[in-house]
Amino acid sequence: MNSFNLNTIFKSLKTKAEWFSLREVFESTNTHVARDGNPEANYSNSTHGVMIEILINGQLGYSATNELTLQGLQNAINKAEFFALNASKYSLVKFDTSIRPINSGNYKSNAKNNINEISIPEINNLLVSSNQYLKHSDRIICTTGFAMMVDSKHKYICSNGSNIEQDFQFISLDFSATGQHNGNIQKRTDHGMLARSYQIGTEFILDTNIKERCQKIGEQADELLFAEECPTGEMDLVLAPDQMMLQIHESVGHPLEVDRILGDERNYAGWSFIRMDDFNNLQYGSNLMNITFDPTVNQQFASYKFDDSGLEAKKDYIIKDGVLIKGLGGTESQFRSKLDGVANFRSSSWNRPPIDRMANLNLEPGASSFNEIISNIENGVYMESNKSWSIDDYRNKFQFGCEYGKLIENGEITKTLRNPNYRGITTPFWNKLKSVGDESTFKIYGTPYCGKGEPNQIIRVGHASPVCHFENIDVFGGN
Ligand SMILES: [Zn+2]
């Protein structure tokens, strides 16, 4: 970061707004890719700017700039005023200052080593070395190693006295092997593309047991080339946490974003099947379903102390014993909907205004061990790692595919299955949740790539889940 000082400039800015804030974001990203044992890409980029938000006549105005001088920020504030004053003639909602709470504090990712502490040759050697372990046989036609490391510093100062500083360090690490045999192509990744995304230091990369991890990925990609096709029919379904992540994201997270329920995304990423009167009424899933919004989990990808409205983040039940009790709505959505919400008002960078996002959305562990779950199933399929997904605009009807399956027969895991898929309708599906794995089956994942909003905002989310068992699900094979 340069010598730009947000606090000093803040005091010199002039505005007639009843409330205003500055949100500074500096982010630097280093990405490294190795393919088939060769370094393929090493690139880095950084971005640094300030978003100005103001409130005039109950209307918010925004203007962002990367001209980080007093004049640059004053010009931006003048623009934001102009936009707010003009837009206020046509406001659908008149906000007041309650939508920007007063808070001060700091947050820092729990990272031992900074991303600058690993050299480019060091990380290249590590990713290149993955090839020898991923290439289980000559049938493996492509291997990749991928690491993305992000340093992200956020400052937020408001005319109401809020003063927040948050320092994040994000790392995503992935390996993959693609095999081919007699026209059949199968790919195995490290728990689904980039699912191993955490707020952590480079110790995560250096401590990874790359040999064992990559040997298993390569072996399973090869194994899938000779596996039977997943059977088709109604049967029991057991999902590993790395597929539960996608199940939670698409069929719980997105439909419960309150701005989506209010119709803001209707012409773009879609609406939601949820209506306002579903809160505190709808039996979303079986009574084993407990979903929490939890930005407090150590090292989970979307943990933070304050969202971008300055609201303090805490753990909250969204679905309790299967009943929908809360939406994923930040301060503005709470004001508009008159519903309780959570601290999930987030922006992807300095040049975007915050909107309702998921952050960490987790399924709480239950009481069953993995063996207990399997031993109670006569006929079913166990599926790991998301491969494909499709869900309608209302987030209701879906069809998901996984990389790797296992047949469950008479209480035991037997053959490996390729191309395992399943489909369902959101609430009937979750109401078929028959058993939830205990703490020993609980795993934390995340993704850097949740997209929403116009203009688009790609944001980081985290999902943690135990293994889950659903009964009488429509399962099918094929690509
Ligand atoms: Zn998403």
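In what follows, the structure referred to is the one given above.
Basis of the calculations
- Residues numbered from 1 in each chain as written.
- Predicted model: local features only at pLDDT ≥ 70, side-chain atom pairs only at ≥ 80, totals over all residues.
- Helix = DSSP H or I, 4+ residues; strand = E, 2+ residues; numbered from the N terminus.
- Expected span 1.5 Å × (residues − 1).
- Contact = placed C-beta atoms within 7 Å.
- Pairing = 2+ DSSP bridges.
- Axes fitted to C-alpha atoms, helices over the stretch in contact; angles between N-to-C directions.
- Buried ≥ 20, exposed ≤ 12 C-beta atoms within 10 Å, placed from the backbone.
- Parallel < 35°, antiparallel > 145°, perpendicular 65-115°, else oblique.
- Left-handed = near helix turned anticlockwise from the far one by under 90°.

Draft legend 1. How the structure looks around helix α2 (residues 70-87). Its 18 residues give α2 an end-to-end C-alpha distance of 26 Å, which sits within 8% of 26 Å, the value for a rise of 1.5 Å per residue. In this structure, the buried side of α2 is in contact with α1 (6-12), β1 (19-35), β2 (38-56) and β3 (59-65).

Draft legend 2. Here's a closer look at the sheet that holds strand β13 (residues 323-324). Sheet architecture is open: four strands sit in the order β13-β12-β11-β16, paired in antiparallel fashion. The strands lining the two open edges of the sheet, one partner per strand, are β13 and β16 (361-363). As judged from the three bridges shared by strand β11 (residues 291-293) and β16, these two strands associate in the antiparallel manner. Bridging from a neighbouring strand, Phe 293 pairs with Leu 361 of β16. Running over the sheet, helix α6 (residues 241-253) touches β11 and β16 and is turned about 115° from β16.

Draft legend 3. Up close: α6. Taking 1.5 Å of rise per residue, 13 residues should cover 18 Å, yet α6 covers just 16 Å from first to last C-alpha, more than 12% shy of that figure. What α6 keeps buried is the set Pro 241, Asp 242, Gln 243, Met 244, Met 245, Leu 246, Gln 247, Ile 248, His 249, Ser 251, Val 252 and Gly 253.

Draft legend 4. Region of interest: the environment of Trp 19. By secondary structure assignment, the location of Trp 19 is in strand β1. Measuring from C-alpha to C-alpha, the distance between Trp 19 and Leu 60 comes to 9.4 Å, with 41 residues separating the pair along the chain.

Draft legend 5. Structural view of the packing of helix α3 (residues 120-134) against helix α5 (residues 210-225). At a minimum axis separation of 8 Å, α3 and α5 run at an interaxial angle of 45°. As summarised for this structure, α3 and α5 are arranged oblique, according to the angle between their axes. Of the two elements, α3 crosses α5, and the hand of that crossing is right-handed. The segment α3 lies against α5, with Leu 126, Ser 129, Ser 130, Tyr 133 and Leu 134 engaging Ile 210, Lys 211, Cys 214, Gln 215, Ile 217 and Gly 218.

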